[in-house]
Amino acid sequence: MTNMTDSYAVIGNPIKHSLSPEIFKIFAQQTGQSLVYQKLLAPFDLFNETVKDFQDKGGKGLNVTLPFKGQAFRLATQHNDAARLAQSANTLIFSPQGEITAANTDGVGLIHDIENNHLVKIKDQRILLIGAGGAATGVIAPLLSKTPKNLHIVNRTAEKALALAQRFGQLGEISASGFDGLNGETFDLIINASSASLYGEMVPLSPSVISAHCICYDMVYLPEATVFLQWAQKNGAIQCIDGLGMLVEQAAESFYLWRGIRPETQPVIQQLRK
Ligand code: NDP
């Protein structure tokens, strides 16, 4: 039996603009669960202390966002497979004995959104993944598990992309480069896992990467189309998808890990779009 007022939060810095409290409120209403969910701002140098304080006050779990996913992974004493592969965590689960388990639901969230919500195929596709930070790292293994033809990682700092390709090389067809190393290749699915769109910046990508049937996905969600999705549309992408669906899907997976109940995501996505 869970407590009547189990307490959860999303921890990050900055955290002001997080949609997570709204998402979890709708999940709780929909599933008849009683819980509170807040935003928790952690000072950059006090992440562990802020987590411990929340746990000491009876918190049951945390979602973790920028820039603390790596620290969250290291703080935990137990890790699920997805977190271990990514070496980063977006979900922390506190046991009654005080143990912290790290999970990573970003990959599941992305795959659910791409395959189930947008009916986009990953198998046998040529995929370009932009970025080599926490978000990109968390989705590489789940993407490779769907056996794309190739997954190419491109990043502003090329060394980080190359290191990821090496780290995940055992799991499937994977390659990497900087933006100037793309050599005229085209892709069927381009996923922007960089934070460039958050700052209104376009990554230095040539329109020639867009194939005739290319679908473009930006993990960033903004009320208006991101610069990346505007660029994609202008250059012939047949479908442009933003990160709202992924945000709701990764939250649903966290909710399931905490509460053992999987909420319906479609009504939540529709409600937030309004
Ligand atoms: P990180 O800070 O770990 O990584 C940022 C990445 O973006 C790095 O690869 C960085 O390159 C690159 N980058 C930043 N600015 C630019 C730029 N101007 N031009 C080119 N590349 C740039 O962030 P995360 O990986 O954790 O998150 C990335 C984005 O994904 C965030 O905007 C976040 O909001 C979004 N996200 C969305 C989710 C969803 O559910 N929809 C879930 C998780 C994340 P370099 O290595 O060279 O610095």
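You'll find the structure just up there.
About the thresholds
- Residues numbered from 1 in each chain as written.
- Predicted model: local features only at pLDDT ≥ 70, side-chain atom pairs only at ≥ 80, totals over all residues.
- Heavy atoms only, no water.
- Core = buried A, V, L, I, M, F, W, Y, C linked by side-chain atoms within 4.5 Å.
- Buried < 20%, exposed > 50% of the residue type's maximum accessible area, 1.4 Å probe, protein only.
- Helix = DSSP H or I, 4+ residues; strand = E, 2+ residues; numbered from the N terminus.
- Contact = heavy atoms within 4.5 Å.
- Pairing = 2+ DSSP bridges.
- Right-handed = clockwise from strand over helix to strand, strands pointing away.
- Phe/Tyr/Trp six-rings, centres within 6.5 Å; stacked < 30°, edge-to-face > 60°.
- Lys NZ or Arg CZ within 6 Å of the ring centre and 35° of its normal.

*Asks:* Lay out the nonpolar core in plain terms, naming residues and giving numbers.
*Replies:* The tendency in soluble globular proteins is for nonpolar side chains to be buried as a group. Of all hydrophobic cores here, the largest spans 30 residues; its most connected members are Leu110, Leu129, Ile140, Leu143 and Ile191. Elements supplying a minimum of two residues to this core: helix 5 (106-117), strand 7 (126-130), helix 6 (134-144), strand 8 (150-154), helix 7 (158-167), strand 9 (174-177), strand 10 (187-192) and strand 11 (210-218). If one sorts the elements of this core by residue count, helix 6 sits on top with six residues. Excluding its chain neighbours within four sequence positions, the residues that come into contact with Ile191 are Leu110, Ile114, Ile127, Leu128, Leu129, Ile130, Leu143, Tyr217 and Met219.

*Asks:* Requested: an account of unusual backbone geometry, with residues and values cited.
*Replies:* Omega for the peptide link from Asn13 to Pro14 comes to 5°, which places this bond in the cis form. In this structure, Pro14 sits in the loop between strand 1 (6-12) and helix 1 (20-31). Residue Pro67 is bonded to the preceding Leu66 through a cis peptide linkage, with omega at -5°. Positionally, Pro67 belongs in the loop between strand 3 (61-64) and helix 3 (69-75). Not every positive phi belongs to a glycine, and Thr147 is a case in point at roughly 45°. Its location among the elements puts Thr147 in the loop between helix 6 and strand 8. With relative accessibility at 41%, the residue Thr147 sits in the partly exposed group.

*Asks:* Hey, could you go over the pairing of strand 11 for me, with residue numbers and the actual values?
*Replies:* As a general feature of sheets, a regular strand has side chains that alternate between the two faces. The element strand 11 is extensively covered by neighbouring structure, given that seven of its nine residues are classed as buried. The pairing of strand 10 with strand 11 spans five bridges and is classified as parallel. The residue bridging Asn192 from the neighbouring strand is Asp218, located in strand 11. Relative to strand 12 (residues 239-241), strand 11 runs parallel, the two being bridged by three bridges. Within strand 12, the position partnered with Ile215 by the bridge is Gln239. What joins strand 11 to strand 12 is helix 8 (residues 227-234), and the crossover it makes is right-handed.

*Asks:* I'd like a rundown of the packing of aromatic side chains, residues and numbers included.
*Replies:* Describing an aromatic ring pair means giving the distance of the ring centres and the angle of the ring planes. Under the counting rule described, the total for this entry stands at nine aromatic pairs. On the basis of an interplanar angle of 50° and a centroid distance of 6.4 Å, the ring pair of Tyr37 and Trp258 is categorised as tilted. Of the two residues, Tyr37 is situated in strand 2 (residues 35-41) and Trp258 in helix 9 (residues 244-259); the sequence distance between them amounts to 221 residues. The class for Trp258 is buried, based on a relative accessible area of 10%. Considering the side-chain rings of Phe47 and Phe68, the 4.8 Å spacing of their centres and the 20° angle between planes classify their relative orientation as stacked. With Phe47 in helix 2 (residues 47-56) and Phe68 in the loop between strand 3 and helix 3, this pair connects stretches of sequence that are 21 residues apart. Comparing Phe47 with Phe68, the two get one shared label, buried. What links up through ring pairs into an aromatic cluster is the set Tyr8, Phe24, Phe27, Tyr37, Phe255 and Trp258. Here Arg262 stacks its cationic end above the ring of Tyr256, 4.0 Å away from the centre of that ring.

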